[in-house]
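# Tertiary structure, described
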Amino acid sequence: MLNLAVVTHRETFETMKGPLKRRGVLAKYIDAYGKAIPISERYTEFPDVDVGFVYPSRLMEGGVIDSFLEVPWVNGLESVLLSRNKGRVLAILEKNGFDIPSTIMISNPISEEELIEAYENVQKPMVIKPNSATRGLGIVLINDVDSFEGVVDYIKLVQDREETGDRSFLVQEYIPDARDYRVMVIDGEYVGAVERRFKDNYSDGKKWKRNVHRDAVAIGVEMPESIIKIAEDAASLLGINYVGIDILANEERIVISETNARPTIDKEEKYLPCFYDKLAALIEKMNKCY
Ligand SMILES: Nc1ncnc2c1ncn2[C@@H]1O[C@H](COP(=O)(O)OP(=O)(O)O)[C@@H](O)[C@H]1O
Ligand SMILES: [Mg+2]
């Protein structure tokens, strides 16, 4: 039996532990936050494990936990940092010929003229989003320059605090009438996808942000070859072992909007039957390569 430290959402741990156990991987949950971890004495409360499943999202605690566990990670620090930087991921994808929403990164503090120039260079309506946050936090749709400046004022207020660390944000073309897919790729291979749809049809046309944490549900769907190829190629290019590639697809385009190196695992039946075989094989491979 291989021992796996799982440092991700509890629900994902609960979902994955059964299927992995049947494939020889014993998942153990690590509660990483909201506790005291002695550093000067050897902390013995962490279980003995062979591989870690996704580097912790909070890098300070993550660094300490990583040094205690001393394991190879399915998605280490580098992958987690890369996917968190939406601007960087989009830049790499664009350079390599993938279609992405037209996007400008704003680095604060920026002059009024340059800001307005950026506004004018992105098609309206446009989306303003944090460069690094997730779960749809702070993402707004903008139709006019006054609202644009108002939102930017708020961002400045927040980012003026030095502790924020990140003083950038993205302005991005809005992809209309798009289906919103999360395509899962493990070790370069497509293993299934979900489509995010609104819980009630009432929201269609009235709301536009499909976040499972808010109004959307994830439904297992089949993907056409064209999307599978885009997702697999993007995963290989970025070098992220276990990744959710977020795709917005409408009549005209298939664009990658972001990637996630710590994607939630949904119910088994939403993915291809090979999902857990591939995941277990990847975990074993990480253990052997270490
Ligand atoms: N450029 C865009 N065009 C259309 N819809 C978008 C765009 N950007 C984000 N959205 C909508 O908002 C949701 C959240 O945005 P996303 O960039 O994926 O951020 P998060 O990291 O919060 O998931 C997406 O799933 C999608 O429904
Ligand atoms: Mg997303």
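Starting afresh in each chain, residues are numbered from 1 along the sequence in its written order. Following the order in which they are written, the chains are lettered starting with A and the ligands numbered starting with 1. The model is predicted, so local features are restricted to residues of pLDDT at least 70 and side-chain atom pairs to those at 80 or more, both for listing and for counting; the totals for chains, interfaces and linings are taken over all residues.

## Thoughts on the sheet that holds strand 12 (residues 242–249)
Paired strands, as defined in this entry, are two strands with at least two bridges between them according to DSSP. Only DSSP runs of H or I covering at least 4 residues are called helices, and only runs of E covering at least 2 are called strands; the numbering of each starts at the N terminus. Strands sit in the order 11-10-9-12-13 across an open sheet of five strands; the sheet is antiparallel. Every interior strand has two partners, whereas the edge strands, strand 11 (216–221) and strand 13 (254–260), have only one. When strand polarity is set aside, the average angle formed by the axes of neighbouring strands in this sheet is 30°. Sheet topology note: the strand 12/strand 13 ladder contains six bridges and is antiparallel. When the sheet's bridge partners are listed, Leu248 is paired in strand 13 with Val255. Of the strands in this sheet, strand 9 (179–186), strand 10 (189–198), strand 12 and strand 13 are in contact with helix 7 (residues 225–238), which crosses strand 12 at around 135°. Note on definitions: angles span 0 to 180 degrees between N-to-C directions of axes, and those axes are lines fitted to C-alpha atoms, for helices only across the stretch in contact. By the criterion used throughout, residues are in contact when their C-beta atoms, derived from the backbone, lie within 7 Å.

## Focus: the site of ligand 1
Close to ligand 1 lie 21 residues; Thr134, Gly136, Ile175, Lys209 and Arg210 are nearest. Broken down by secondary-structure element, the contributors of at least two residues to the shell around ligand 1 are strand 6 (126–130), strand 12 and strand 13. Residue composition of the shell around ligand 1, by class: eight nonpolar, five polar and eight charged. Counting contributing residues per domain, the shell around ligand 1 is built from domain 2 (102–173) and domain 3 (176–261), each supplying no fewer than three. Working rule for contacts: place C-beta from the backbone, and if it is within 6 Å of a molecule or strand, that residue counts as near it. Under the convention adopted here, Pro, Cys and the residues Ala, Val, Leu, Ile, Met, Phe, Trp and Tyr are nonpolar, Asp, Glu, Lys and Arg are charged, and Gly plus all remaining residues are polar. Domain boundaries shown here were taken from an automatic or database domain assignment.

## Thoughts on the sheet that holds strand 4 (residues 73–74)
Spatial ordering of the open sheet is given by 2-1-3-4, a layout of four strands whose pairing is parallel. Each edge of the sheet is formed by a strand with only one pairing partner; in this case those strands are strand 2 (25–29) and strand 4. Pairing geometry for strand 1 (residues 2–6) and strand 2, over five bridges, is parallel. Residue pairing in the sheet places Asn3 in a bridge with Leu26 of strand 2. Sheet contacts for helix 8 (residues 275–289): strand 1, strand 2, strand 3 (51–53) and strand 4; angle to strand 1, the most-contacted strand, approximately 100°.

## A closer look at helix 3 (residues 77–84)
Note on burial: count the other C-beta atoms lying within 10 Å of the residue's C-beta; 20 or more is buried, 12 or fewer is exposed, in between is partly exposed, and C-beta positions come from the backbone. Inspection of helix 3 places Ser79, Val80, Ser83 and Arg84 among the buried residues, and these make up the whole buried set. Along the long axis of helix 3, the arc covered by the buried residues comes to 125°, so they all point the same way. Elements in contact with the buried residues of helix 3: helix 4 (86–95) and strand 13. Comment: arc refers to directions from the helix axis out to C-beta atoms.

## Things to note about the domain arrangement of the protein
We note that the domain assignment places domain 1 (2–75), domain 2 (102–173) and domain 3 (176–261) within the protein. Computed from C-alpha atoms alone, the centre-to-centre distance between domain 1 and domain 2 is 35 Å.

## Brief notes about the pairing of strand 6
Working note: regular strand, side chains alternate between the two faces of the sheet. The element strand 6 is largely enclosed, with a buried count of four among its five residues. Pairing of strand 6 with strand 7 (residues 140–142), which is carried by three bridges, proceeds in the antiparallel orientation. Paired with Val127 across the bridge in strand 7 is Leu141.

## Overview of helix 7
Since the α-helix turns once every 3.6 residues, residues separated by three or four places project in the same direction. Here, expected helix span is obtained from the residue count minus one, scaled by 1.5 Å. Taking 1.5 Å of rise per residue, 14 residues should cover 20 Å, and helix 7 covers 20 Å from first to last C-alpha, within 8% of that figure. For helix 7, every residue scored as buried is listed here: Ile230, Ala231, Ala234, Ala235 and Leu238. Viewed end-on, helix 7 has its buried residues packed into an arc of 125°, placing them on one side of the element. Exposed and facing more than 90 degrees away from the buried side of helix 7 are Glu225 and Ser226.

## Regarding the nonpolar core
Only buried Ala, Val, Leu, Ile, Met, Phe, Trp, Tyr and Cys residues enter a nonpolar core, and they are joined through C-beta atoms within 7 Å. If you look at the biggest cluster of nonpolar residues, it comprises 58 residues, and the most contacted ones within it are Leu4 and Ile247. Broken down by element, the residue count for this core peaks at seven residues, all from helix 8. Looking at which domains feed residues into this core, each of domain 1 (2–75) and domain 3 (176–261) gives three or more. Ignoring anything within four residues of it in the chain, the contact list for Ile247 reads Tyr181, Val183, Ile227, Ala231, Ile254, Val255, Ile256 and Ser257. Met126, Phe148, Ile155 and Leu170 belong to the second-largest nonpolar core, a separate cluster that totals 13 residues.

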